[in-house]
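Residues per chain are reported as follows:
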Amino acid sequence: MDFKGPASKKGSRLAGALQHPVRTVPLAFLAVILVGAALLMLPFSRTAGDTEFLMPALFTAVSAVCVTGLITVDTATFWTPFGHVVILALIQVGGFGIMALATLLALLVRKSIGLRGQLVAQSETHTLNFGDVKAVLFRVFKIMATIELATAAVLSVRFWLVYESNPGTALWHGFFHAISAFNNAGFALYSDNLMGFADDPWIIVPICVAVVAGGLGFPVIIQLLGGRLKLKDWNIHLRLTVYGTVMLLAVGFAFFAAIEWNRVETLGPLSTGGKILGALGGTVFPRTAGFNSIDYGVASEDTLMVTNVLMFIGGGSAGTAGGIKITTFLVLAFAIWNEIRGREQVTIAHRSISPSVQRQALTVALLGVAAVMTGTLLLLMTTDYSLDKVLFEAISAFATVGVSTGITYHLPASAEWVLMALMFTGRLGTITVASAIALSSRPRLHRLPEERPIIG
């Protein structure tokens, strides 16, 4: 007779909790981060025998897997070509989605996946039903490969013809920056990131296009490529993402150009074309890409504030972008607008938004605010930097952007742990919370008495 005591039951409950699809994804990301850090700690991953390699390796692995781009060491000079390959692999795996990649490999090997595998892949790809999982995974892979190869081709030719005499180096730089751009990672193989190409449209424009494409989210790209080009065929998610992206890009461009156009520290010395490219980068890169064609350490406080807003909102859902996502922001905006107008239903484009979606959006946004405020407070407690720089760094980490005013290089280890926690939470936290709410919703069989507390 088999008797199971409390310890056995507790162990089985723990195992069941860890195997839940929503919990499997963070554990998988953590495992890949640890493997990546171990590879970066190998002697032939670094250019010099620096005794301080544990924290740089771990921080870089977290930043790469979470497709952020914040760095504590110079990517171009600190890591060897092998280290660069490891970083690029971590970016690609983190951008595609670790569990989505694992599920795709299982499909290729076994031609099928089980129910749990479909649940895990569904939670990461945001597909609507099980029947879509396989098709979506293959489409995502094709879309990612096509855009990255096209961007790499343009960049490689430009690097070869203008900047690199060695075709092999040009090809490698083209592929690295293309993958980093589409995955919104922001890692670059140049010590000044993209500042040396600030007025080169053949470098800045392709990277911006790849960043925006990756930031739209795979569901939007799949719908657009599937022939949904007529506005009447667009669903709410497609409308919110596309319109929201265009609106934020236009607003960001206008503000950045107006503030920095004549400042000698940033866009002032550039030609008119260079200033336009700089303003374009200034509105695209904060959309969680992490590249920079200007030095944010000398940007005005007005620019930093606008960038903070763009970073926190982020890009589209179920893609490579971070932030609270455009749909979250716009659903809350419409909810506020309808409440001001005294309407009970929240409507967008003649469609009503369910209360559960509104609650999820509110939860994601408020958890994002809480994460940023907590991270900012901890950074203030562990460093001597001013609030504006610390807040910028915290939002950049949480929104998986990677843009910095330059203080990341000089942070103590305690502050680096704070940023790593923010990057991990930003890459997985809001998605995990939203998915957990959707999966754990249970209908009440009774209604409790209502009360109306005073609001406002």
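Nothing here was measured: the structure is a model prediction, and the numbers come from that model.

Student: Please set out the nonpolar core residue by residue, giving values where relevant.
Tutor: Within the largest apolar cluster, 80 residues are counted, with the highest numbers of intra-cluster contacts made by Ile 87, Ile 91, Phe 187, Tyr 296, Leu 419, Leu 422 and Met 423. Sort the elements by how many residues they give to this core and helix H3 (residues 54–65) lands first, with eight residues. The residues contacting Leu 422, other than those within four sequence positions of it, are Ala 371, Gly 375, Ala 394, Ala 397 and Phe 398.

Student: Requested: an account of the layout of surface pockets, with residues and values cited.
Tutor: The rolling of a water-molecule-sized probe over the atoms marks out the regions of remaining empty space. For the second largest pocket, the calculated volume is near 390 Å³. Forming the boundary of the second largest pocket are 27 residues, of which Ile 71, Ser 191, Asn 193, Asn 292 and Tyr 409 lie nearest the centre.

Student: Lay out the packing of helix H14 (residues 301–313) against helix H17 (residues 387–398) with the relevant residues and their values.
Tutor: Close contact between H14 and H17 brings their axes to 9 Å; oriented N to C, the two are set at 25°. Between H14 and H17, the angle falls in the class roughly parallel. Of the two possible hands of crossing, H14 and H17 adopt the one that is left-handed. Two secondary-structure elements touch here, H14 through Glu 301, Leu 304, Thr 307, Asn 308, Met 311 and Phe 312 and H17 through Asp 388, Leu 391, Phe 392, Ile 395, Ser 396 and Phe 398. A class-by-class count of the residues in the contact of H14 with H17 yields seven nonpolar, three polar and two charged.

Student: Break down H3 for me, with residues and values.
Tutor: In this model, H3 (12 residues) spans 17 Å end to end at C-alpha, consistent with the 16 Å of a helix rising 1.5 Å per residue. Burial within H3 is extensive, with 11 of its 12 residues counted as buried.

Student: Mind laying out helix H13 (residues 272–284), listing which residues take part and the relevant values?
Tutor: Structural remark: α-helix, 3.6 residues per turn; residues separated by three or four positions point the same way. End to end, H13 covers 18 Å across 13 residues, agreeing with the expected 18 Å (1.5 Å per residue, within 8%). Along H13, the positions that sit buried rather than exposed are Gly 274, Lys 275, Leu 277, Gly 278, Ala 279, Gly 281, Gly 282, Thr 283 and Val 284. Buried residues along H13 sit in contact with helix H10 (201–216), helix H12 (236–260) and H14.

Student: Explain the packing of H10 against H13 residue by residue, including any values.
Tutor: Their axes nearest at 10 Å, the elements H10 and H13 cross at an angle of 25°. In terms of axis orientation, H10 runs roughly parallel to H13. By crossing handedness, the relation of H10 to H13 is classed as left-handed. Contacts from Pro 201, Ile 204, Val 205, Cys 208, Val 211 and Val 212 of H10 reach H13 at Leu 277, Leu 280, Gly 281 and Val 284.

Student: Lay out the environment of Gln 92 in plain terms, naming residues and giving numbers.
Tutor: Note on placement: Gln 92 falls in helix H5 (residues 81–96). Here the alpha-carbon distance between Gln 92 and Ile 179, two residues 87 residues apart in the chain, equals 6.9 Å. Excluding its chain neighbours within four sequence positions, the residues that come into contact with Gln 92 are Met 144, Glu 148, Ile 179 and Asn 183. Among the polar contacts listed, one links the side chain of Gln 92 to the side chain of Glu 148, at a separation of 3.1 Å.

Student: Describe empty space enclosed by the protein, naming the residues involved and giving the relevant values.
Tutor: All told, the structure shown has four cavities of 30 Å³ or more when counted by the stated rule. In this structure, the second largest cavity encloses a volume near 70 Å³. For the lining of the second largest cavity, the leading source of residues is H10, giving four residues.

Reading the values: the criteria
- Residues numbered from 1 in each chain as written.
- Predicted model: local features only at pLDDT ≥ 70, side-chain atom pairs only at ≥ 80, totals over all residues.
- Heavy atoms only, no water.
- Core = buried A, V, L, I, M, F, W, Y, C linked by side-chain atoms within 4.5 Å.
- Buried < 20%, exposed > 50% of the residue type's maximum accessible area, 1.4 Å probe, protein only.
- Helix = DSSP H or I, 4+ residues; strand = E, 2+ residues; numbered from the N terminus.
- Contact = heavy atoms within 4.5 Å.
- 1 Å grid on protein atoms, 1.4 Å probe; cavity = no way out; pocket = protein on both sides within 12 Å on 5 of 7 lines; lining within 4 Å.
- Points joined across faces, edges and corners; volume = space filled by probe spheres on them.
- Axes fitted to C-alpha atoms, helices over the stretch in contact; angles between N-to-C directions.
- Parallel < 35°, antiparallel > 145°, perpendicular 65-115°, else oblique.
- Left-handed = near helix turned anticlockwise from the far one by under 90°.
- Nonpolar A, V, L, I, M, F, W, Y, C, P; charged D, E, K, R; others polar.
- Expected span 1.5 Å × (residues − 1).
- Polar contact = N/O pair within 3.5 Å; in protein donor to acceptor, adjacent residues only side chain to side chain.

In short, shape yes, function no, at least from these values alone.
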